[in-house]
Amino acid sequence: MKLSICSQHTLSAERLSEEESKSETSVVYDLAMLVGHVKEAWMEAPGNLIAHIRVGPSYHKRKQGAEKMQWYLFNDFVVVPITSHSPAVFPTEWLVPCIIIYTQRGYESLLDVSVVSCLDPSLLVAETHQPHPLQSPIICTPLAFTECPKKGDLVGIDAEFVTLNQEEAEVKSDGTHTTLKPSQLALARITVVRGAGPMMGTPFIDDYIATNEQVVDYLTKFSGIKPGDLDATVSSKHLTTLKAAYLKLLYLQETGVMFVGHGLKKDFRVINMLVPPEQVLDTVEIFHLPKQRYVSLKFLSWFYLSIYIQEGNHDSAEDARTALLLYQKHQELQGKKTFSKSLQNLYDTGRKHKWQVPQSE
């Protein structure tokens, strides 16, 4: 499309010919992104935004080994490839375009578009919060500069969440269940422990996330979070902001550390953080037989480590440390070439005990 300003100061649009697109005097812009507002007329909700984004060849070469351009639809956590014609179609009864972005063709040769991180290790070694008078001493030990993690270093990680709103659903006359609005989980606590050295298993991040939003369910049995823990006026925990906690995790991810944990796919999804699969060592996947059930961290800890965990409420520091020990056990059994046999024994024992950990003596 060719846009030009006429003598009457009006804007005219014409189809761009092939010759004009190659002219040295022409500057060609390609559609790069379109954000649309999805109207939900059948609900009182304000709707949501979706984005159509054209992803360039550098990404596909890195992830798929081949250069290509591809359009993707981003709808909350759902990302799917779409045709190049999809962004130009607007069913106006439910989709309204909000933002349209064009980029100059060949801008990569004109600008430095490399991503440069502005994060530094001080995020992990310096505590920037102002402690509340009622807060207890921090149970974790921040890193010394000499301990700053490097690419490939192991860290154990676990996260706990609370519910900010309940699921809204309706049951139709035929008995089918329809979710109108899913429940919303929010990060409440994040713990990261050292993966090596004399202080292995000791947390260097153990942050509770302060929130002003109403929490409808603290999920205490599963999270260990209690009413008041996230309230800056009364909490005795080490409170910080979601942004501060997120930046610490982002620094670790950009450094290239290996995250060891249990059920990390869900944790990172709720945190809304993309971690490359090659940086994730998930014990829920490691200790799993194909087409069989997934095994809880509590049962794995009892079977492989003879350690009873989660006796009361969950504790993210305990869970992160346990996942790290389980990964070390996996490496030990792999070295002895007995891991496959131990995995079969795990499932045999699990079925025998109906996947319940026997009572500790």
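Residues numbered from 1 in each chain as written. Predicted model: local features only at pLDDT ≥ 70, side-chain atom pairs only at ≥ 80, totals over all residues. Heavy atoms only, no water.

A.B. asks: What am I meant to see in the overall build of the protein here?
C.D. replies: Helix and strand counts for the protein come out as 10 helices and 15 strands. Burial statistics for the protein: of 361 residues in total, 35% are counted as buried. Within the protein, contacts between residues at least 6 apart in sequence are counted, and of these 57% link residues at least 24 apart. Summing over all exposed atoms, the protein offers an accessible surface of approximately 22300 Å²; the carbon and sulfur share of this is 55%. (Helix = DSSP H or I, 4+ residues; strand = E, 2+ residues; numbered from the N terminus. Buried < 20%, exposed > 50% of the residue type's maximum accessible area, 1.4 Å probe, protein only. Contact = heavy atoms within 4.5 Å. Areas by Shrake-Rupley, 256 points an atom, 1.4 Å probe, with all protein chains shown as cover.)

A.B. asks: Is there a simple way to think about the pattern of salt bridges in this case?
C.D. replies: Note that side chains of opposite charge can pair when their charged atoms are close. For the coordinates displayed, the defined rule picks out 9 salt bridges. A salt bridge links Asp-206 to Arg-189; the shortest N-O distance between them is 2.9 Å. Of this pair, Asp-206 sits in strand β12 (residues 203-209) while Arg-189 is found in strand β11 (residues 184-194), placing the two residues 17 residues apart along the sequence. Judged by its relative accessible area of 4%, Asp-206 is buried. Here the residues in one salt-bridge network are Arg-189, Asp-206 and Asp-315, joined through shared partners. (Salt bridge = Lys/Arg side-chain N within 4 Å of Asp/Glu carboxyl O.)

A.B. asks: Before we go on, may I ask you to explain the pairing of strand β3 (residues 29-38) in this structure?
C.D. replies: Consecutive side chains of a regular strand alternate in pointing toward one face of the sheet and then the other. In this sheet, strand β7 (residues 95-104) lies alongside β3 in antiparallel orientation, the contact comprising 9 bridges. Bridging from a neighbouring strand, Leu-34 pairs with Ile-100 of β7. Relative to strand β4 (residues 48-55), β3 runs antiparallel, the two sharing 6 bridges. Bridged to Leu-34 within β4 is His-52. (Pairing = 2+ DSSP bridges.)

A.B. asks: Looking at this structure, I do not really get the side chain of His-52. What am I missing?
C.D. replies: Here His-52 lies in strand β4. Contact partners of His-52, with chain neighbours within four places excluded, come to Ala-32, Met-33, Leu-34, Trp-71, Tyr-72, Leu-73, Ile-82 and Pro-87.

A.B. asks: Looking at this model, I keep getting lost on unusual backbone geometry. Mind explaining?
C.D. replies: Glycine aside, negative phi is the norm for most residues, and most peptide bonds take the trans geometry. We note that Lys-291 has phi near 65°; this positive angle belongs to a residue other than glycine. Relative to the assigned elements, Lys-291 resides in the loop between α7 (283-286) and α8 (297-305).

A.B. asks: Quick question: what am I supposed to make of helix α9 (residues 316-336) here?
C.D. replies: The terminal C-alpha atoms of α9 lie 30 Å apart, and with 21 residues this matches the ideal 30 Å at 1.5 Å per residue to within 8%. Along α9, the residues classified as buried are Ser-316, Ala-317, Asp-319, Ala-320, Thr-322, Ala-323, Leu-324, Leu-326, Tyr-327, His-330 and Leu-333. The backbone nitrogen of Ala-317 lies 3.1 Å from a side-chain oxygen of the residue at the head of α9, namely Asp-315. Directly after α9, the chain includes Lys-337, whose backbone phi takes a positive value near 60°. (Expected span 1.5 Å × (residues − 1). Polar contact = N/O pair within 3.5 Å; in protein donor to acceptor, adjacent residues only side chain to side chain.)

A.B. asks: What am I meant to see in the sheet that holds strand β13 (residues 239-240) here?
C.D. replies: Strand pairs in the sheet, formed through backbone hydrogen bonds, run parallel or antiparallel to each other. A sheet is described by the order of its strands in space; here 6 strands give the open sequence β13-β12-β11-β8-β14-β15, paired in mixed fashion. The outermost strands of the open sheet, each flanked by one partner alone, are β13 and β15 (280-282). Relative to β12, β11 is paired through 5 bridges, and the arrangement is antiparallel. The partner of Val-193 across the bridge, within β12, is Pro-203. The strands touched by helix α6 (residues 264-271) are β8 (154-165), β11, β14 (258-261) and β15; relative to β8, the strand with the most contacts, the crossing angle is about 55°. (Axes fitted to C-alpha atoms, helices over the stretch in contact; angles between N-to-C directions.)

A.B. asks: It is not clear to me how the side chain of Gln-310 should be interpreted in this structure. Could you clarify?
C.D. replies: Checked against the element boundaries, Gln-310 lands in the loop between α8 and α9. Reaching out from Gln-310, the side chain makes a polar contact with the side chain of Asp-319 at a distance of 3.3 Å. Not counting chain neighbours up to four residues away, the residues in contact with Gln-310 comprise Leu-297, Lys-298, Glu-318 and Asp-319.

A.B. asks: Is there a simple way to explain the sheet that holds β4 in this structure?
C.D. replies: Here we have 5 strands laid out as an open sheet, ordered β6-β5-β4-β3-β7, and antiparallel in their pairing. Only two strands of the sheet have a single neighbouring strand rather than two, namely β6 (78-82) and β7. For this sheet, the mean angle separating the axes of adjacent strands, direction not counted, is 20°.

A.B. asks: Teacher, can you tell me more about the packing of α8 against α9 here?
C.D. replies: Between two packed helices, both the angle of their axes relative to each other and the distance between the axes serve to describe the pair. Look at α8 against α9: their axes get within 10 Å of each other, and the N-to-C directions meet at 45°. Of the possible angle classes, the one that applies to α8 and α9 is oblique. Note that α8 runs across α9; the crossing there is left-handed. Residues Leu-297, Leu-300, Ser-301, Tyr-304 and Leu-305 of α8 pack against Asp-319, Thr-322, Ala-323, Leu-325, Leu-326, Lys-329 and Leu-333 of α9. Looking at the contact of α8 with α9, its residues break down into 8 nonpolar, 2 polar and 2 charged. (Parallel < 35°, antiparallel > 145°, perpendicular 65-115°, else oblique. Left-handed = near helix turned anticlockwise from the far one by under 90°. Nonpolar A, V, L, I, M, F, W, Y, C, P; charged D, E, K, R; others polar.)

A.B. asks: I'm lost on the nonpolar core in this one. Help?
C.D. replies: Looking at soluble globular proteins, one finds that nonpolar side chains tend to be buried together. In this structure, Phe-287, Tyr-304, Leu-343 and Leu-346 are the most contacted members of the largest nonpolar core, which totals 27 residues. Elements with a minimum of two residues in this core: β14, α8, α9 and α10 (339-352). In this structure, Tyr-304 is in contact with Phe-287, Leu-326, Lys-329, Leu-333, Phe-339, Ser-342, Leu-343 and Leu-346, ignoring residues within four places of it in sequence. Cys-148, Ile-209, Met-273 and Val-275 belong to the second-largest nonpolar core, a separate cluster that totals 26 residues. (Core = buried A, V, L, I, M, F, W, Y, C linked by side-chain atoms within 4.5 Å.)

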